[in-house]
Structures are given as structure tokens and as C-alpha cells.
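# Notes for the structure review
The residues making up each chain are set out below.
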Amino acid sequence: MKTNYLFPNSFKKSSGILFLISILGIILFPIINKDDNLIQLQANVFALFYDEGLKTKTLGWTNDDIFPELLGIMTIVSGLIFAFSKEKIEDEMISKIRTESLVWATYLSYAVLLFCIIFIYGFTFFNILTYNIFTILFVFILRFRWMLYKNNQTYSHEE
Amino acid sequence: MKNNVKIQRAIANITQAQLAEKIGVSRQTINAIEAGKYVPSTVLALKISKLFDKPVNEIFELESTD
């Protein structure tokens, strides 16, 4: 089965570890940083849009805590590579499971979004939206891994 | 779709793992095909038929539900 849109299998392990660390980071960061902003990484960054006081400005430099940005980038990049790197034997059945999992992930991710649109209002909605960015990746990885695991189980029972 | 890959495999006296390796898929895929849980692509069906030296129709068969 030839696919040119997947990463090599050798990327799987390292990206998986990085993804796990970033997930832990995303969960722990708001808890650790709750009141006293323990983790701060101030830097001057170029921005297309940014707020200064109450005004929104365009195209300029701004000073911001970039730790959440770095965490977000790390989660997305490692998550994408982990999700879309080849299995040891990447055959057509794996491809089918991959496609199905992607459809499931899209459904579930938008189901969560719909739920939030209907039932969550105000600023909490936007807070939850920032997490919702990761649902599609997260659900895909969970569903795909679970199906592969189940496949392995049925195999070990036979022959 | 029905298939008799398991029988063909028994005739040829090879294991699921050996068959998998010969046609370049995972053992789980062979297992799923034999269990009727996965319908192989035309390419894979042709590879299996070539390996067992039997026409595809003798290995794979349509069912009334197909």
C-alpha cells in the first residue's frame, strides 16, 4: 500500500512521547499557573493582530507570555506526527481503520463543539474553544489506537 | 463476501504469519480476512490468488447480501 501523506514509522515513538508530555502540560499548566503565574516566558513577538489596552492593532511587535503558544505548537506538531506516522506494517486494513477513525474524530469533535455552542455561554465558551482545537486529534488517536489494540487482541486468540 | 483463505492456507501448509509476510500485509489483516471481518482490495485478492495458484473466484465468493 503506497501512501505519500504519512510520516515514517521511525517518528512514531519520539512524537508519541512528546505528545504525551504536551498533553500533561496542557492539563497541568492552568493548575500550576492559576494565581501567581509561576511559568512565564516573556518575549517580543511579531503579530498580525494584537491588543494594546482596549484597542486591536495590526502588524506590529508585542510583548507576550509565549509559553502557551509553545505548548500549543508542541501539542499540534507532535500530535499530528504521532497520529499520521506509519505503522510498522502499514497495509490496506490499517488505512481503512485510519480513515474510519478520522471520520469518527470529525463527528465527535463537532458534536462537542455543537454541545458547547448550545449550552455554554460567555467567556467560558471561548476558553473551551481553545481546548476544542485539540479534540479532533485527540479523538482520532484514541480511536485509532483502540481499534489497533482490539485487532491485536483478536489475532492473539486465534491460530 | 465469503472466502476460503483458511482452507487454501491449510492446503499450502503455511501459517497466517507466513502468508502475511509473502503478500506484504500484517498478520492481523489475514486474520480479519479469514474471519470475514475485512474484505481485501482487488490487488490483495489477486496477490492471494497468485500465491495459491488458484483463480480468484475459487477463493473469494459473493454472498447474497453483497
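Cut-offs and rules
- Residues numbered from 1 in each chain as written.
- Chains lettered and ligands numbered in written order.
- Predicted model: local features only at pLDDT ≥ 70, side-chain atom pairs only at ≥ 80, totals over all residues.
- Helix = DSSP H or I, 4+ residues; strand = E, 2+ residues; numbered from the N terminus.
- Rg over C-alpha atoms; globule rule 2.2 N^0.38 Å.
- Core = buried A, V, L, I, M, F, W, Y, C linked by C-beta atoms within 7 Å.
- Buried ≥ 20, exposed ≤ 12 C-beta atoms within 10 Å, placed from the backbone.
- Contact = placed C-beta atoms within 7 Å.
- Domains from an automatic or database assignment.
- Nonpolar A, V, L, I, M, F, W, Y, C, P; charged D, E, K, R; others polar.
- pLDDT = per-residue confidence, 0-100.
- Pairing = 2+ DSSP bridges.
- Arc of directions from axis to C-beta.

### Considerations on the overall build of chain B
- When its secondary structure is counted, chain B shows five helices and two strands.
- When the helices and strands of chain B are read in sequence order from the N terminus, they spell out β-α-α-α-α-α-β.
- Relative to the 2.2 N^0.38 estimate, which gives 11 Å for 66 residues, the radius of gyration of chain B is 11 Å and therefore close to what a compact globule would have.
- Oriented by its inertia axes, the alpha-carbon framework of chain B measures out at about 30 × 20 × 20 Å.

### Describing the nonpolar core
- Residues Ala83, Met93, Ile136 and Phe140 of chain A together with Ile30 and Ile33 of chain B are the most contacted members of the largest nonpolar core, which totals 24 residues.
- Counting residues per element, the ones that place at least two in this core are α2 (67-83), α3 (92-119) and α5 (135-157) of chain A together with α2 (16-23), α3 (27-34) and α4 (42-52) of chain B.
- Among the elements that line this core, the one with the most residues is α5 of chain A, at five residues.
- Among all residues touching Ala83 of chain A, those that are not within four sequence positions of it are Leu137, Phe140 and Ile141 of chain A.

### Considerations on the domain arrangement of chain A
Residues and elements named next belong to chain A.
- Taken domain by domain, chain A consists of domain 1 (1-87) and domain 2 (91-159).
- Between domain 1 and domain 2, the C-alpha centre-to-centre distance is 20 Å.
- Each partner contributes to the interface: domain 1 provides eight residues, whereas domain 2 provides eight residues.
- For the side of domain 1 that touches domain 2, a count of residues per class yields four nonpolar, three polar and one charged.

### Re the interface of chain B and chain A
- Across the contact, twelve residues belong to chain B and ten residues belong to chain A.
- The greatest single-element share of the side of chain B that touches chain A, amounting to five residues, is contributed by α3 of chain B.
- A per-class count over the side of chain B that touches chain A returns four nonpolar, seven polar and one charged.

### Some thoughts on the environment of Phe82 of chain A
Residue and element names in this part refer to chain A.
- Looking at the secondary structure, you find Phe82 in helix α2.
- In the structure, Phe82 is positioned 22 residues away from Gly60 in sequence and 34 Å away in space, judged by C-alpha atoms.
- Setting aside residues no more than four positions away along its own chain, Phe82 makes contact with Lys12, Ser15, Gly16, Phe19 and Ile141.

### A few points about the confidence of the model for chain B
All names here are of chain B.
- Mean pLDDT over chain B: 91, with 100% of residues reaching 70 or higher.
- When pLDDT is averaged over each element of chain B, α4 comes out on top at 93 and strand β1 (residues 2-3) at the bottom at 90.
- Overall fold confidence for the complex sits at a pTM of 0.84, while the interface term, ipTM, reaches 0.85.

### Some points on the environment of Glu61 of chain B
Residues and elements named next belong to chain B.
- Counting through the fold element by element, Glu61 comes out in strand β2 (residues 60-61).
- Note on Glu61: 12 C-beta atoms within 10 Å, which makes it exposed.
- Once the C-alpha coordinates of Glu61 and Ala17 are considered, the two residues, 44 residues apart in sequence, prove to be 23 Å apart.

### A short note on the pairing of strand β2 (residues 55-65) of chain A
Residues and elements named next belong to chain A.
- Counting buried residues in β2 gives zero out of eleven residues, a small share hidden from the surface.
- Pairing of strand β1 (residues 42-52) with β2, which is carried by ten bridges, proceeds in the antiparallel orientation. Following the sheet pairing, Ala47 is matched in β2 by Gly60.
- Counted along the chain from β1 to the antiparallel partner β2, the turn is two residues long, and its residue Gly53 has a positive phi close to 65 degrees.

### A word on α2 of chain B
Residues and elements named next belong to chain B.
- Among all positions of α2, only Gln16, Leu19 and Ala20 are buried. The buried residues of α2 occupy an angular sector of 100 degrees when projected down its axis, which confines them to one face.
- Packed against the buried residues of α2 are α1 (5-12) and α3.
- Downstream of α2 by a residue or two, Gly24 has a phi angle that is positive, lying close to 75 degrees.

### Some details on the confidence of the model for chain A
- Averaged over all residues, the pLDDT of chain A is 88; the fraction at 70 or higher stands at 94%.
- Highest mean pLDDT in chain A belongs to α3 of chain A (94); lowest belongs to β2 of chain A (86).

### So, the environment of Val103 of chain A
- Positionally, Val103 of chain A belongs in helix α3.
- In this structure Val103 of chain A comes out as exposed when scored by C-beta crowding, with 11 C-beta atoms within 10 Å.

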